[in-house]
Amino acid sequence: MCIFWRKCSFNVTSFISFVQTSTYEIVFAERAGSCLRLFNRLHCQVYNFASDCQQHGKRDGINPLFTDLSSMIQDNLTPCVLYVIDYYGYEVRMVTKSLVPHVTTLIKWCCRHRMSLIQDYDGKSLYITHLDGLGLFNLVTNKSTDIVSESTDFAAMIYDSNIGFFVSIIILQNN
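Residues numbered from 1 in each chain as written. Predicted model: local features only at pLDDT ≥ 70, side-chain atom pairs only at ≥ 80, totals over all residues. Heavy atoms only, no water.

Undergrad: Sorry, what's going on with the state of the cysteines here?
TA: By definition, a disulfide links the sulfur atoms of two cysteine residues through a covalent bond. According to the stated counting rule, one finds 1 disulfide in the structure shown. With a sulfur-sulfur separation of 2.0 Å, C35 is cross-linked through a disulfide to C53. Taking the sign of the S-S torsion, 95° for the link of C35 and C53, the bridge is right-handed. Of this pair, C35 sits in strand β5 (residues 35-40) while C53 sits in the loop between β6 (45-50) and β7 (69-74), and the two are 18 residues apart along the sequence. Judged by relative accessible area, which is 0%, C35 ranks as buried. Of the residues examined, C53 reaches a relative accessible area of 8% and is grouped as buried. (Disulfide = S-S within 2.5 Å. Helix = DSSP H or I, 4+ residues; strand = E, 2+ residues; numbered from the N terminus. Buried < 20%, exposed > 50% of the residue type's maximum accessible area, 1.4 Å probe, protein only.)

Undergrad: In this structure, what is going on with the environment of N138? I would like to understand it.
TA: Along the chain, N138 turns up in strand β13 (residues 133-138). Overall, the relative accessible area of 24% leaves N138 in the partly exposed class. Separated by 19 residues in sequence, N138 and Q119 place their C-alpha atoms 10.0 Å apart. For N138, the side chain forms a polar contact with the main-chain nitrogen of T141, separated by 3.0 Å. (Polar contact = N/O pair within 3.5 Å; in protein donor to acceptor, adjacent residues only side chain to side chain.)

Here's what the structure looks like:
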């Protein structure tokens, strides 16, 4: 895919998600390279933002590695924080945007496919969809719970109706 902005253009091999982090900057999650790239629209420049786009793996810190990115959002309250899903490891990882980005793994779930995420309006929780249902990660307490899964009462209605699995979620109102 080719991205155009005014007189700028660049090729993105397989971006899966993007977030506009400032007036002139867009961060792309690239699936093929398992990295985050930053596009500066003012200078028509593309930079590797987080992770080495030539390597795959799992590593936190200032030299992070990703395996297979599938979704990315920006924090509602702190714009310099991004949340990404590393699909292969079923992990939700936090990227702190700074001169030297820092990555921290928040959640590692076992055997949960097709994950996506969204944050509530108050910025206190992440809602995470997965093959088995819907989970909640409290950013204040760093604890995760299942809202909808085979073990919850609400899920019996969903699983018995052959709805399938949750692909994504949207929060329509604050309440």
